[in-house]
Amino acid sequence: MTRQWLRQLRPDPGRPLPDPAISPAAATAMTAVLGPEPVRWAVQTADTMAAEILGQVPEHGGGPAPLATLRRSTESTVLAALRLLLTESSGEGAALPDEALEGCREFARCGLRLDQVLRGVRLGHARLTQELTTAIEQYVPAGERLTELRRITEELFAHADTHAGLMAESYIAERDRWRGSDEAARRKTVDDLLAARPVEPEAATRRLRYDVARTHLAAVLWCDDTEDPCAVGPPAHGMAGMRRSHYGAREAERVARLAPGNWLTDYRVVRLVALATADPEHARWFLHDLLGPLASDGTRVRELRETLRVYLAEERSLRAAAGALHVARNTVTYRVKRAEELLPAPTTPGSTLELRLALEIARTLLG
């Protein structure tokens, strides 16, 4: 017997539907077994699971890479569970999906505790059970719901128990291997340097095979819509400089993600915006308080904002602003006048600093 109602699963149109976290090949293979809509349902459910796990076990977070690992793990687990339930073949649940296995290994390498990993497993399976219970009420005839709910619950419980056991075995094996590896020792040294914990310079240089006393330039690269985007920190000297440059690169990455599209983001160029947007919500309040209607959407308003920003950056020189913007002086004059009319308060010498800062923030957050 197969549960064909599982093929009727559809994502909730009222909830976000992210792109699959698993590989295209894996997604294609699952689509062939389950159908495209159940796979989209699984992607949406797994994303909700990952968010819930991250909220309850924040140690799973720490940046885009750990979140991507968690999403791949939850997504592959949901898809494997659907296939298991669809075919009612318990033998298929006897192995972890490759993505979940690699995620478990990464959890061990990152220092996530086993109890935190297993708590994530429990939270994920609880959410999956809840989502499938809702689906049963929607897709299964009323007279069959109780029986189907009982069978689904029993099979999911057995699946979760097996899954947790395999995760624990994989975690322990990877943790023991990792602890004895040179890679783990190097990673711990780097972690100590970046956390400003005491490190003996010569020992760190030997272990890393890299002179920690030199001048460092940190870079962060990631995969996104932009081709090979990169963020770089400021050059800085010595062990403290390694931490400083790395911190700058991470801040540049954060700013770049607020306003994607640039191939390279240099911390030295965006450090003011990085400082001002450390609390994005506060930054938005600030720019709306200062700019008022000038913080509105629309191409025309963005043009006025940018003209006023350049005009103030050029110390109110019409000629310099016109040259930077490649427009006529009269155009700058008109745009500046129109922009200032939209401001909630007239500009004064004392308000220029705040206004310039608000315009720089708006350039990043509003475009």
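Residues numbered from 1 in each chain as written. Predicted model: local features only at pLDDT ≥ 70, side-chain atom pairs only at ≥ 80, totals over all residues. Heavy atoms only, no water.

Caption draft 1: Representation of the overall build of the protein chain within the structure. Within the protein chain, the regular secondary structure consists of 15 helices and five strands. Taking 367 residues into account, the globule formula puts the C-alpha radius of gyration at 21 Å, and the protein chain, at 27 Å, lies well above it. Each principal axis of the C-alpha distribution contributes one length, and for the protein chain these read about 80 × 60 × 30 Å. For the protein chain, with 367 residues in total, the buried portion stands at 40%. Intrachain contacts of the protein chain at a sequence separation of at least 6 include 68% that bridge at least 24 residues. Accessible surface, the protein chain as shown: approximately 20000 Å² in total, 54% of it carbon and sulfur. Between the averaged position of the 48 positive side-chain charges in the protein chain and that of its 50 negative side-chain charges there is a distance of 4 Å. (Helix = DSSP H or I, 4+ residues; strand = E, 2+ residues; numbered from the N terminus. Rg over C-alpha atoms; globule rule 2.2 N^0.38 Å. Buried < 20%, exposed > 50% of the residue type's maximum accessible area, 1.4 Å probe, protein only. Contact = heavy atoms within 4.5 Å. Areas by Shrake-Rupley, 256 points an atom, 1.4 Å probe, with all protein chains shown as cover. Lys, Arg positive; Asp, Glu negative; His and termini not counted. Charge placed at Lys NZ, Arg CZ, Asp CG, Glu CD.)

Caption draft 2: Molecular detail of the sheet that holds strand E3 (residues 230–232). The three strands lie next to each other as E2-E3-E5, forming an open sheet whose pairing is mixed. Two strands close off the open sheet at either side, each with one partner strand: strand E2 (219–221) and strand E5 (264–266). Within this sheet the neighbouring strands show an average axis-to-axis angle of 15°, counted without direction. Pairing analysis gives three bridges linking E3 to E5, with the strands arranged parallel. Across the sheet, residue Ala231 finds its bridge partner in E5, namely Thr265. The sheet strands contacting helix H9 (residues 238–258) are E2, E3 and E5, and the helix crosses E3 at an angle near 140°. Those strands touched by helix H10 (residues 267–276) are E3 and E5, and its axis lies near 70° from that of E5. (Pairing = 2+ DSSP bridges. Axes fitted to C-alpha atoms, helices over the stretch in contact; angles between N-to-C directions.)

Caption draft 3: Spatial organisation of the pattern of salt bridges. Scanning all chains against the criterion turns up 27 salt bridges. Of the charged contacts in the structure, one is a salt bridge between Glu131 and Arg15, with a shortest N-O distance of 3.5 Å. On the criterion of sequence distance, the pair formed by Glu131 in helix H5 (residues 114–139) and Arg15 in the segment before helix H1 (24–34) is long-range, its members being 116 residues apart. Residue classification places Glu131 among the buried residues on the basis of a relative accessible area of 11%. Accessibility expressed as a relative area gives 26% for Arg15, which makes it partly exposed. Of the charged contacts, one joins Arg363 and Glu306 as a salt bridge, the two residues approaching to 3.8 Å between their closest N and O atoms. Here Glu306 lies in helix H12 (residues 299–313) and Arg363 lies in helix H15 (residues 352–365), a separation of 57 residues in the sequence. A relative accessible area of 45% means that Arg363 is categorised as partly exposed. (Salt bridge = Lys/Arg side-chain N within 4 Å of Asp/Glu carboxyl O.)

Caption draft 4: Just the side chain of His125, in detail. Note that His125 resides in helix H5. Exposure remark for His125: the relative accessible area of 8% places this residue in the buried category. What His125 contacts, discounting residues up to four positions off in sequence, is Thr77, Leu156, His159, Ala160 and His163.

Caption draft 5: A look at the packing of helix H4 (residues 98–109) against helix H6 (residues 145–179). Packing of H4 against H6 brings their axes to within 8 Å, and their N-to-C directions diverge by 45°. Put simply, H4 runs oblique to H6. Between H4 and H6 lies a crossing of right-handed hand. Residues Ala100, Leu101, Cys104, Arg105, Phe107, Ala108 and Arg109 of H4 lie in contact with H6, whose contacting residues are Met167, Ser170, Tyr171, Glu174, Arg175, Arg177 and Trp178. A breakdown of the residues in the contact of H4 with H6 according to their chemical character gives eight nonpolar, one polar and five charged. (Parallel < 35°, antiparallel > 145°, perpendicular 65-115°, else oblique. Left-handed = near helix turned anticlockwise from the far one by under 90°. Nonpolar A, V, L, I, M, F, W, Y, C, P; charged D, E, K, R; others polar.)

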